[in-house]
Amino acid sequence: MGEIRKGNFSSLSRIILFSISCFLLYSCSLPKIIVYDDPLSAKEHNDLGVVYYKKGEYDLAEKEFLKALKKDRNYYLAYFNLGNLYYKKGDIEKSIEFFKKALEMNKNDDILNNLTYVFLEIKDCKNAKFYLNQIKNIENKPEYKDTYEKFLKICNSNQDE
């Protein structure tokens, strides 16, 4: 019962030795890429996020916009794009949050327009009017006029004004 036969041990040891050899050769032969520092700038991450967004790959876009913010916490364009992304995904609260952060860093008409539009989506006429009134060049872009017309249509009844 406790006897080891020479033939079986020899075969077993060959299998083990072969397995270990294969493992070592396989693991040593694979190239390993180690990135210590992210080579892309905040702008490059944002631009990559825009490409993913346009392709409808929203999760990848979100990751890139967040990487842009990790590189530069004051990069307003990444906040703006996250606002658009969350609106597209149906997360209105996050959309508003990110548009407001973008607005803190750069008060421009595009951010004001999109923030107004999001407030109109939830029929918050008071906030919509507040941001709409801050758009300086409302006549310059068709999307600003569309937002204004939507405001008149939704908020014309003086509900929240």
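Here, the structure is the one placed above.
Residues numbered from 1 in each chain as written. Predicted model: local features only at pLDDT ≥ 70, side-chain atom pairs only at ≥ 80, totals over all residues. Heavy atoms only, no water.

**Description of the packing of helix H5 (residues 92-105) against helix H6 (residues 109-121)**
The cut-off we apply is this: Whenever a helix is involved, its axis is fitted only over the stretch in contact; in every case the axis is a line through C-alpha atoms, and angles between N-to-C directions fall within 0 to 180 degrees. Think of it this way: any DSSP run of H or I at least four residues long counts as a helix, any run of E at least two long counts as a strand, and we number them from the N terminus. Small angles under 35 degrees read as roughly parallel and large ones over 145 as roughly antiparallel, with 65 to 115 read as roughly perpendicular and the rest as oblique. Left-handed is the label given to a crossing in which the near helix is rotated counterclockwise from the far helix by less than a right angle, and right-handed is the label when the rotation is clockwise. Any two residues having at least one pair of non-hydrogen atoms within 4.5 Å are treated as being in contact. Polar here means any residue other than Ala, Val, Leu, Ile, Met, Phe, Trp, Tyr, Cys and Pro, which are nonpolar, and Asp, Glu, Lys and Arg, which are charged; Gly is therefore polar.
Their axes nearest at 10 Å, the elements H5 and H6 cross at an angle of 155 degrees. The pairing of H5 with H6 is recorded here as roughly antiparallel in orientation. Along this stretch, H5 crosses H6, giving a crossing that reads as left-handed. On the side of H5, the interface is formed by Ile92, Ser95, Ile96, Phe99, Lys100, Ala102 and Leu103, while H6 contributes Ile111, Leu112, Asn114, Leu115, Val118 and Phe119. Among the residues making up the contact of H5 with H6, the classes are represented as 10 nonpolar, two polar and one charged.

**Some words on the layout of surface pockets**
Keep this limit in mind: Within this scheme a cavity is a closed region of a 1 Å grid, computed over the protein atoms alone, that accommodates a 1.4 Å probe without allowing it to escape, whereas a pocket is open but has protein on both sides within 12 Å along at least five of seven lines; lining residues each have an atom within 4 Å of a point. Grid points are joined across faces, edges and corners, and a volume is the space filled by probe spheres set on the points.
Of the volumes computed, that of the largest pocket is approximately 210 Å³. Forming the boundary of the largest pocket are 14 residues, of which Phe80, Asn84, Phe99, Asn113 and Asn114 lie nearest the centre. Taken together, the elements giving at least two residues each to the lining of the largest pocket come down to helix H4 (76-88), H6 and helix H8 (142-155). Element by element, the count of residues in the lining of the largest pocket is highest for H6, at five residues. Its residues placed into classes, the lining of the largest pocket shows seven nonpolar, three polar and four charged.

**Here we look at the side chain of His45**
This is how it is decided: The classification of residues rests on relative accessible area computed with a 1.4 Å probe and restricted to protein chains. Under 20% of the type maximum is buried, over 50% is exposed, and intermediate values are partly exposed.
Following the sequence through the fold, His45 ends up in helix H2 (residues 42-54). The buried category is assigned to His45, whose relative accessible area is 2%. Apart from the residues lying within four places of it in its own chain, the contact partners of His45 are Asp38, Leu40, Glu64, Lys67, Ala68 and Lys71.

**So, the state of the cysteines**
Filter applied, for reference: Disulfide assignment relies on a single distance test, namely cysteine sulfur atoms paired within 2.5 Å.
Following the criterion strictly, the structure yields one disulfide and no others. The disulfide partner of Cys125 is Cys155, and the S-S distance across this bridge is 2.0 Å. Negative torsions about the S-S bond denote left-handed disulfides, and the value of about -90 degrees found for Cys125 with Cys155 makes this one left-handed. Of this pair, Cys125 sits in helix H7 (residues 125-132) while Cys155 sits in helix H8, and the two are 30 residues apart along the sequence. This pair shows no difference in class: Cys125 is buried, exactly as Cys155 is.

**Here's the deal with the packing of aromatic side chains**
Each aromatic ring pair is characterised by the separation of its centres together with the angle its planes make. We count it as follows: Any pair of Phe, Tyr and Trp rings, taking the six-membered ring for Trp, is counted once the centres come within 6.5 Å. Such a pair is stacked with planes under 30 degrees apart, edge-to-face with planes over 60 apart, and tilted for the rest.
Using the criterion set out here, one finds seven aromatic pairs in the structure. Between Phe119 and Tyr131, the aromatic rings sit 5.7 Å apart at their centres with planes inclined by 0 degrees, giving stacked as the arrangement. In this pair, Phe119 is assigned in helix H6 and Tyr131 in helix H7, connecting sequence segments 12 residues apart. Residue classification places Tyr131 among the buried residues on the basis of a relative accessible area of 9%.

**Here's the deal with unusual backbone geometry**
The phi angle at Lys123 is positive, at roughly 60 degrees, despite the residue not being glycine. Relative to the helices and strands, Lys123 is located in the loop between H6 and H7. A relative accessible area of 51% means that Lys123 is categorised as exposed.

**A closer look at H8**
Condition: The span expected for a helix works out to 1.5 Å for each residue beyond the first. The arc in question is traced by the directions running from the helix axis to the C-beta atoms.
For H8, which comprises 14 residues, the first-to-last C-alpha distance of 20 Å matches the rise-based estimate of 20 Å (1.5 Å per residue) to within 8%. Of the positions making up H8, those classed as buried are Tyr144, Thr147, Lys150, Phe151, Ile154 and Cys155. All buried residues of H8 fall inside an arc of 120 degrees around its axis, so they share one side. H8 presents Pro142 and Lys153 as exposed residues on the side facing more than 90 degrees away from its buried surface. If you follow the buried residues of H8, they end up packed against H6 and H7.

Note that all results are geometric; they support no functional claim without further evidence.
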